[in-house]
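# Descriptive analysis of the structure
Listed here are the chains, written in short residue letters.
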Amino acid sequence: MTKMIQVNLETEGIDKDEAQEWVHEIANIYADMEVSDVNISGNTVSFQAGLSGMDDTTSEDIRQKIDEYSTMNETLQIKNVSCN
(Lines give C-alpha, C1' and ligand atoms only; values in the text may rest on other atoms or scores of the structure.)
Protein backbone atom coordinates (compact mmCIF):
# COMPACT_ATOMS: atom_id res chain seq x y z
CA MET A 1 0.00 0.00 0.00
CA THR A 2 1.26 3.48 -0.85
CA LYS A 3 1.39 6.00 1.98
CA MET A 4 0.32 9.42 0.70
CA ILE A 5 1.67 12.71 2.08
CA GLN A 6 -0.18 16.05 1.82
CA VAL A 7 1.94 18.56 -0.11
CA ASN A 8 1.29 22.32 -0.16
CA LEU A 9 3.34 24.63 -2.34
CA GLU A 10 3.14 28.37 -1.85
CA THR A 11 4.04 30.03 -5.13
CA GLU A 12 3.86 33.41 -6.76
CA GLY A 13 2.22 34.33 -10.03
CA ILE A 14 1.16 30.85 -11.14
CA ASP A 15 -0.75 29.83 -14.21
CA LYS A 16 -3.27 27.13 -13.32
CA ASP A 17 -2.54 24.99 -16.41
CA GLU A 18 1.24 25.22 -15.92
CA ALA A 19 0.89 24.29 -12.25
CA GLN A 20 -1.27 21.27 -13.13
CA GLU A 21 1.27 20.17 -15.72
CA TRP A 22 4.15 20.65 -13.22
CA VAL A 23 2.50 18.34 -10.68
CA HIS A 24 1.76 15.61 -13.23
CA GLU A 25 5.24 15.90 -14.73
CA ILE A 26 6.89 15.24 -11.35
CA ALA A 27 5.11 11.87 -11.33
CA ASN A 28 6.48 11.18 -14.82
CA ILE A 29 10.04 12.13 -13.87
CA TYR A 30 10.04 9.94 -10.76
CA ALA A 31 8.54 6.65 -11.90
CA ASP A 32 7.88 5.53 -8.32
CA MET A 33 5.97 8.71 -7.39
CA GLU A 34 2.18 8.83 -7.36
CA VAL A 35 0.17 12.05 -7.16
CA SER A 36 -3.55 12.59 -6.63
CA ASP A 37 -6.08 15.18 -5.49
CA VAL A 38 -4.39 18.10 -7.24
CA ASN A 39 -5.88 21.46 -6.24
CA ILE A 40 -4.73 24.86 -7.47
CA SER A 41 -6.16 27.91 -5.76
CA GLY A 42 -4.72 31.41 -5.70
CA ASN A 43 -1.00 31.04 -5.13
CA THR A 44 -1.27 27.58 -3.57
CA VAL A 45 -0.77 24.21 -5.24
CA SER A 46 -1.74 21.22 -3.12
CA PHE A 47 -1.75 17.50 -3.81
CA GLN A 48 -1.19 14.08 -2.29
CA ALA A 49 2.13 12.41 -3.11
CA GLY A 50 3.57 9.02 -2.29
CA LEU A 51 6.13 6.51 -3.47
CA SER A 52 4.59 3.42 -5.11
CA GLY A 53 4.16 0.45 -2.86
CA MET A 54 5.85 2.07 0.14
CA ASP A 55 3.99 2.34 3.42
CA ASP A 56 6.95 3.93 5.24
CA THR A 57 7.35 7.04 3.06
CA THR A 58 8.18 10.12 5.12
CA SER A 59 7.40 13.75 4.46
CA GLU A 60 11.16 14.30 4.09
CA ASP A 61 11.28 11.71 1.25
CA ILE A 62 8.62 13.66 -0.66
CA ARG A 63 10.19 17.04 0.18
CA GLN A 64 13.53 15.86 -1.22
CA LYS A 65 11.93 14.85 -4.54
CA ILE A 66 10.05 18.18 -4.79
CA ASP A 67 13.17 20.22 -4.00
CA GLU A 68 15.19 18.28 -6.56
CA TYR A 69 12.52 18.57 -9.25
CA SER A 70 11.95 22.28 -8.63
CA THR A 71 15.63 22.96 -9.44
CA MET A 72 15.25 21.07 -12.74
CA ASN A 73 11.91 22.61 -13.72
CA GLU A 74 11.55 26.24 -12.72
CA THR A 75 8.00 26.68 -14.07
CA LEU A 76 6.75 27.33 -10.53
CA GLN A 77 8.39 29.98 -8.39
CA ILE A 78 8.04 28.14 -5.09
CA LYS A 79 8.27 30.27 -1.96
CA ASN A 80 7.42 27.61 0.61
CA VAL A 81 6.92 23.82 0.69
CA SER A 82 5.10 21.90 3.39
CA CYS A 83 4.72 18.13 3.46
CA ASN A 84 2.58 16.57 6.17
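Residues numbered from 1 in each chain as written. Predicted model: local features only at pLDDT ≥ 70, side-chain atom pairs only at ≥ 80, totals over all residues. Heavy atoms only, no water.

### Some details on the sheet that holds strand E2 (residues 33–41)
Applied cut-off: DSSP calls a pair of strands paired once it identifies at least 2 bridges connecting them. Helix numbers and strand numbers start at the N terminus; a helix is a DSSP run of H or I with at least 4 residues, a strand a run of E with at least 2. Think of each axis as a best-fit line through the C-alpha atoms, taken over the contacting stretch in the case of a helix, with angles from 0 to 180 degrees between the N-to-C directions. By the convention used here, residues are in contact when the closest approach between their heavy atoms is within 4.5 Å.
Read across the open sheet, the four strands follow the order E2-E3-E1-E4; overall the sheet is antiparallel. Edge positions in the open sheet fall to E2 and strand E4 (78–83), since each of these has one partner strand only. On average, each strand axis in the sheet is tilted by 20 degrees relative to the strand beside it, whichever way the strands run. Where helix H1 (residues 16–29) meets the sheet, its contacts fall on strand E1 (4–11), E2, strand E3 (44–51) and E4, and the angle it forms with E2 comes to roughly 170 degrees. Across the sheet, helix H2 (residues 59–72) touches E1, E2, E3 and E4, and the angle it forms with E4 is around 160 degrees.

### Looking at the pairing of E3
The condition that has to hold: For every residue, the accessible area obtained with a 1.4 Å probe (protein chains only) is divided by the maximum for its type, and the residue is called buried under 20%, exposed over 50%, and partly exposed between those limits.
The buried fraction of E3 amounts to seven of the eight residues, a majority that puts the element mostly inside the structure. Two elements, E1 and E3, share seven bridges in a ladder whose sense is antiparallel. Bridging from a neighbouring strand, Asn 8 pairs with Ser 46 of E3. Between E2 and the antiparallel strand that follows it, E3, lie two residues; Gly 42 among them carries a positive phi value of about 60 degrees.

### Focus: the nonpolar core
Heads up, the condition is: Among buried residues, those of type Ala, Val, Leu, Ile, Met, Phe, Trp, Tyr and Cys that are joined through side-chain atoms within 4.5 Å constitute a nonpolar core.
Of all hydrophobic cores here, the largest spans 23 residues; its most connected members are Leu 9, Val 45, Phe 47, Ile 62 and Ile 66. Those elements giving two or more residues to this core turn out to be E1, H1, E2, E3, H2 and E4. Per-element tally for this core: the top contributor is H1, with five residues. Not counting chain neighbours up to four residues away, the residues in contact with Leu 9 comprise Trp 22, Asn 43, Thr 44, Val 45, Phe 47, Ile 66, Leu 76, Ile 78, Asn 80 and Val 81.

### Brief notes about the packing of H1 against H2
The following threshold applies: Orientation categories follow fixed angle ranges, with anything under 35 degrees roughly parallel, anything over 145 roughly antiparallel, 65 to 115 roughly perpendicular, and all other angles oblique.
Contact geometry of H1 with H2 gives a least axis separation of 11 Å together with a crossing angle of 105 degrees. Our classification of the angle between H1 and H2 gives roughly perpendicular. Within the contact between the two elements, H1 uses Trp 22, Glu 25, Ile 26 and Ile 29 and H2 uses Lys 65, Ile 66, Tyr 69, Ser 70 and Met 72.

### A look at the environment of Gly 53
The topology assignment puts Gly 53 in the loop between E3 and H2. Separated by 51 residues in sequence, Gly 53 and Thr 2 have C-alpha atoms that sit 4.6 Å apart. When neighbours within four sequence positions are excluded, Gly 53 is seen to be in contact with Met 1, Thr 2 and Glu 34.

### Observations regarding the side chain of Thr 57
Relative to the helices and strands, Thr 57 resides in the loop between E3 and H2. Here Thr 57 is in contact with Lys 3, Ile 5, Leu 51 and Ile 62, once residues within four sequence places are set aside.

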